[in-house]
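The primary structure of each chain is shown beneath.
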Amino acid sequence: MVVTRYFVGSDAGMSGADPECRIRLRGPWPESQVRRTRVHDRSALLLGECLATTDELREALSHDGPLHEVADRTAVLSGSYCAVVTHGPETVVATDLAGLHRVWYRSSAEGVEFASTPLALVSDSVRGLDVDSLAARLFCPDFHTGLPGASLYKGLIEVPPDRLLVMKGGRARLGPRSVRRSRTSLQEGAHALREALDTGVRARVTGVPKATADLSGGMDSSTLALLAARYREGRLPALTYTDPLAANDDDLAYAALLVDREPDLEQILVEGDVESLPFTGMDGVPLTDHPSLDTVIFARDRARLRPAYGSSVHLAGDGGDVVLGAPLTYLTTLVRPGTLRRFVRETRGWARLRHRPVHRVMRSAWAASRTSYPGTLLALAARLETGWSYSARENHPRVERNIAWIHLGQAARWGTRTARAAVAARLRHVAGNLDDTDGDDAHTLRMIRRHTADTRLFVDIAARLGVRVSAPFFDNQVVAACLAVPSAERVSVFQAKPLLKAAFAAHLPAEVYERRTKGDYGTCEYHGIRRNAARLRNLLGESRLADLGILQPSLVLAELERAISGGYAAMAGIVDVVSAEVWLRKLEDGPALPSEHALVLTGDR
């Protein structure tokens with residue numbers, strides 16, 4: 001039986017104990033995802049895809065400094081993984097920079113327990129649910145977990161990527177991580193990105209029995225597939241998903257062009273049909289730590305990943321959009337002397353691309369440059385408490401609305417007064433406790449960590465389907481290389497992903513980096529809603545979110561009917577709500593984390 005990979009650990013003040021003695025690994029962990037290193041009386045357990053050499057690990061562990069600095073250095077080497085570092089009675093846990101490998105913990109009189117999934121630490125998931133946290137995730141998805149330590153479960157604390165879990169003597173605290181940000185030019189960043197991605201792909205596919213990769217025709221997956229093909233003997237199976245119901249599915253043409261240019265790629269076409277439409281077969285999705293957006297597209301995931309079943313690693317381009325780019329708040333950095341001409345060019349470019357009045361885009365960018373993240377949180381809190389009259393016109397995309405430090409989700413308009421007030425109070429609390437979280441770089445990092453949270457759940461679901469998905473764009477060195485380049489240099493309306501083009505255009509087919517379009521599968525959502533209308537009406541008609549006092553079901557059902565009839569609906573909000581409804585029903589069945597296949601690591605293993 002294949003189960004979710006997770007680990008459970010504890011710290012009860014056992015002086016001199018190794019982390020291996022405290023951690024139980026459950027599920028089929030590949031050997032490549034479990035590494036142990038010791039330097040004198042310091043030991044490290046690395047869980048995930050640690051691509052660093054033994055010498056690099058030993059050097060990090062040999063750092064002359066307190067243990068939290070040692071753990072921080074150990075956790076940010078090549079790859080994406082969680083590091084558990086122990087020295088005498090003290091243990092420090094550090095996650096990767098992007099936050100793909102999360103950790104939760106709880107303290108009691110017996111000591112501290114920590115795990116890579118909160119479900120391993122809760123006995124009654126439904127009663128242990130923090131309703132206000134769930135409402136915050138629905139009403140303000142960009143907010144994510146909010147304050148450091150916030151969690152969707154009562155009594156559990158989530159370790160944010162910018163914090164360390166420090167345990168000693170049976171007690172735990174969250175400590176800060178050192179910020180080591182550097183600034184480089186686009187060309188220097190491109191060189192670092194090329195080295196990091198090449199290393200990440202090579203280390204994953206070299207020598208493994210079977211490797212596969214996505215080949216959507218987009219820049220990100222195409223780059224990974226072409227790199228992987230160079231390090232494989234024989235042709236690399238590359239999966240291209242296409243759907244005849246998509247409005248603008250030119251992915252297939254771009255993918256075919258690359259296959260013609262690269263003989264080491266073996267393209268496998270996966271054609272969607274009515275059985276893989278969104279909102280189909282959602283009851284089959286496995287229970288995940290939190291509501292997953294992949295719930296709605298579970299049938300599609302299952303179909304497109306089927307050819308990768310049994311592969312040692314399947315490369316996915318997830319993360320490329322957020323790591324290589326930046327939110328539209330990058331425009332705020334141009335509102336200053338010396339860059340005003342570019343500000344005008346960029347805002348005009350976005351206005352023309354999205355068919356919006358130029359003055360509105362400029363005004364929004366200028367207004368955002370005069371606000372801050374904490375200030376925006378306070379403004380959203382006020383809006384939640386005041387409420388607003390709903391108009392279907394709000395569903396239409398407006399580029400100027402996206403020039404903001406944080407947004408309310410579409411589901412917020414359907415919230416109860418009590419739930420909106422609770423989320424507003426949380427936003428105000430966060431705004432009053434923020435430190436060093438302002439600016440476009442901080443905004444980019446928040447977006448990266450939000451997307452890694454979604455990718456983490458997708459990786460979990462894929463593992464249940466028998467596919468080991470790897471996302472190299474979230475590797476430590478890739479994230480560091482991209483963020484070292486100022487946002488205004490790594491993004492432009494006139495060039496898609498200039499940093500990726502600068503890194504690989506001279507090394508891979510130039511056509512990869514000239515594409516200006518993306519496949520649009522939005523129409524598939526409407527087809528899927530109509531086909532699954534009865535199931536969705538039943539799901540929302542017996543709303544668990546309504547039972548928890550979060551949503552007004554009549555408002556959600558009205559929006560669903562608008563979508564069923566083909567009207568322009570708040571689709572993102574519907575997806576958020578439906579995913580949460582399915583997830584809550586899964587919770588009622590219990591967090592089925594089996595005790596079978598438990599692997600106790602001891603010092604003599």
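Our subject is the structure listed above.
My aim in this report is to walk through the structure given alongside it, one point at a time. (Residues numbered from 1 in each chain as written. Predicted model: local features only at pLDDT ≥ 70, side-chain atom pairs only at ≥ 80, totals over all residues. Heavy atoms only, no water.)

All right, on to the nonpolar core then. Phe 139, Phe 143, Phe 279, Ile 529, Leu 545 and Val 578 are the most contacted members of the largest nonpolar core, which has 65 residues in total. Secondary structure elements with two or more residues in this core: α4 (131-139), α12 (373-386), α13 (417-431), α18 (522-531), α19 (533-541), α21 (553-564) and α22 (571-588). At 10 residues, the largest contribution of residues to this core is made by α22. The contact partners of Phe 139, leaving out residues within four places of it in the chain, are Leu 384, Leu 408, Gly 409, Ala 411, Ala 412, Gly 415, Ala 419, Arg 420, Val 423, Ile 550 and Leu 551. Ranked by size, the runner-up nonpolar core spans 47 residues in total, among them Leu 258, Leu 483, Leu 499 and Phe 504. (Core = buried A, V, L, I, M, F, W, Y, C linked by side-chain atoms within 4.5 Å. Buried < 20%, exposed > 50% of the residue type's maximum accessible area, 1.4 Å probe, protein only. Helix = DSSP H or I, 4+ residues; strand = E, 2+ residues; numbered from the N terminus. Contact = heavy atoms within 4.5 Å.)

All right, on to the sheet that holds strand β14 (residues 265-271) then. Spatially, 5 strands are ordered β14-β13-β12-β15-β16 in an open sheet, and the strand pairing comes out parallel. Each of the sheet's edge strands pairs with one partner strand only, and the pair in question is β14 and β16 (469-470). Strand direction decides the pairing type here: strand β15 (residues 313-315) and β16, joined by 2 bridges, are parallel. When the bridges of β16 are listed, His 314 appears paired with Val 469. Strands in contact with helix α5 (residues 186-205) are β12 (211-214), β15 and β16; relative to β15, the strand with the most contacts, it is inclined by about 150 degrees. (Pairing = 2+ DSSP bridges. Axes fitted to C-alpha atoms, helices over the stretch in contact; angles between N-to-C directions.)

Time to look at the pattern of salt bridges. The full count for this structure, using the stated rule, is 27 salt bridges. The partner of Asp 130 in a salt bridge is Arg 426, with the nearest N and O atoms 3.9 Å apart. Here the residue Asp 130 occupies a position in the loop between β8 (111-115) and α4, and Arg 426 occupies one in helix α13, the gap between them amounting to 296 residues. Taking relative accessible area as the criterion, Asp 130 reaches 19% and is therefore assigned buried. Among the salt bridges present, the one from Asp 441 reaches Arg 183, with a minimum N-O distance of 2.0 Å. One end of the pair, Asp 441, is in helix α14 (residues 440-464); the other, Arg 183, is in the loop between β11 (171-176) and α5, and 258 residues separate them in sequence. Assessed through its relative accessible area of 16%, Asp 441 is described here as buried. For Arg 183, a relative accessible area of 48% translates into the label partly exposed. A cluster of three or more residues bridged by salt bridges with shared partners is formed by Glu 49, Arg 204, Arg 468 and Asp 475. (Salt bridge = Lys/Arg side-chain N within 4 Å of Asp/Glu carboxyl O.)

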